[in-house]
Amino acid sequence: MSFKKIAPSVLAADFANLQRDIEMVNNCNADWFHLDVMDGVFVPNISFGMPVIKAMAKHTTKPLDVHLMIVDPDRYIQTFADLGAEVLTVHYEACTHLHRTLQAIKAAGMKAGVALNPHTSVHLLEDIIQDIDLVCIMSVNPGFGGQSFIENTYAKVKTLKNLIQQKGANTLIEIDGGVNDKNAKALCDAGADVLVAGSFIFKSEEPCTTIAHLKEIIS
Ligand code: DX5
Ligand code: ZN
């Protein structure tokens, strides 16, 4: 039995047919909805915000895994709790007082995630790993879907997995960017627990079959 999860990234869905694509994920073998919020400041792109998530949440039947690519995320912690986020992930690079931010996310009833840009070392989490429910290792530079997977990710996953075990933490490792059927198994073997996939799922002929295929590969 596998506990590894697939989180389709809604960024790659057809926004003109959002309800259809959400229902597809509801009815397939996927585990979470991955929602990418971008502010045009932390990353050079703007995706979708609260009104769209509110509309989506009326239809989703699986946990919402919200990835904030925004500066000063503390301003919106309660807002995302009210929208129904189960996991709220902030970027290490966007938080001056990361410990305080994580406590605020948990106090609002959510699981607290930290995302690392490709250049950010996992060693920087040494003193805080026990407070983190999920680490999202970015395997592309955040801001856009459809980019190529950065190979150094495998080494980061292994180092992070060791750190988690050494500290006796309960942290999940999520991989975000360029995930496909070529790297999914090796990522899970290296220690990943959750794979985010956008383009590979939504741009495929049969997204539901693609999700099932990914789940099969990692189980
Ligand atoms: C990138 C986002 C990802 C993106 C992944 O900034 O965080 O979640 O949607 O898309 P793919 O799977 O197409 O690389
Ligand atoms: Zn993401």
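In the block above lies the structure referred to throughout.
Reference entry: report on the structure contained in this document.

Cut-offs applied
Residues numbered from 1 in each chain as written. Chains lettered and ligands numbered in written order. Predicted model: local features only at pLDDT ≥ 70, side-chain atom pairs only at ≥ 80, totals over all residues. Heavy atoms only, no water. Helix = DSSP H or I, 4+ residues; strand = E, 2+ residues; numbered from the N terminus. 1 Å grid on protein atoms, 1.4 Å probe; cavity = no way out; pocket = protein on both sides within 12 Å on 5 of 7 lines; lining within 4 Å. Points joined across faces, edges and corners; volume = space filled by probe spheres on them. Disulfide = S-S within 2.5 Å. Pairing = 2+ DSSP bridges. Axes fitted to C-alpha atoms, helices over the stretch in contact; angles between N-to-C directions.

### As for the environment of Phe 144
So, point 1. You can see Phe 144 is positioned in the loop between strand E6 (134-138) and helix H5 (153-167).
So, point 2. In the structure, Phe 144 is positioned 62 residues away from Glu 206 in sequence and 22 Å away in space, judged by C-alpha atoms.

### A closer look at the layout of surface pockets
To find the voids left in a structure, one rolls a probe of water-molecule size over its atoms.
So, point 1. What the largest pocket holds in volume is close to 310 Å³.
So, point 2. Lining the largest pocket we find 27 residues, and of these Phe 144, Gly 145, Gly 146, Gly 177 and Gly 178 sit closest to its centre.
So, point 3. The set of elements that each furnish at least two residues to the lining of the largest pocket consists of strand E2 (33-38), strand E3 (64-69), strand E8 (194-197) and helix H7 (199-202).

### Some points on the state of the cysteines
So, point 1. Per the stated rule, a full pass over the model turns up 1 disulfide.
So, point 2. Between the sulfur atoms of Cys 28 and its disulfide mate Cys 208 the distance is 1.7 Å. Around the S-S axis, the bridge from Cys 28 to Cys 208 shows a dihedral of about -120° and counts as left-handed. Here the residue Cys 28 occupies a position in the loop between helix H1 (18-27) and E2, and Cys 208 occupies one in helix H8 (residues 207-218), the gap between them amounting to 180 residues.

### Things to note about the sheet that holds strand E5 (residues 111-116)
So, point 1. Ordered by their spatial adjacency, 8 strands build an open sheet running E1-E8-E7-E6-E5-E4-E3-E2, and the pairing between neighbours is parallel. Pairing within the sheet leaves two strands with one partner each, and these edge strands are strand E1 (5-8) and E2. Pairwise comparison of adjacent strand axes, ignoring direction, gives a mean angle of 25° for this sheet.
So, point 2. Relative to E5, strand E4 (residues 85-91) runs parallel, the two being bridged by 5 bridges. Note on E5: the bridge partner recorded for His 91 is Ala 115.

Coordinates in, geometry out; function isn't part of it.
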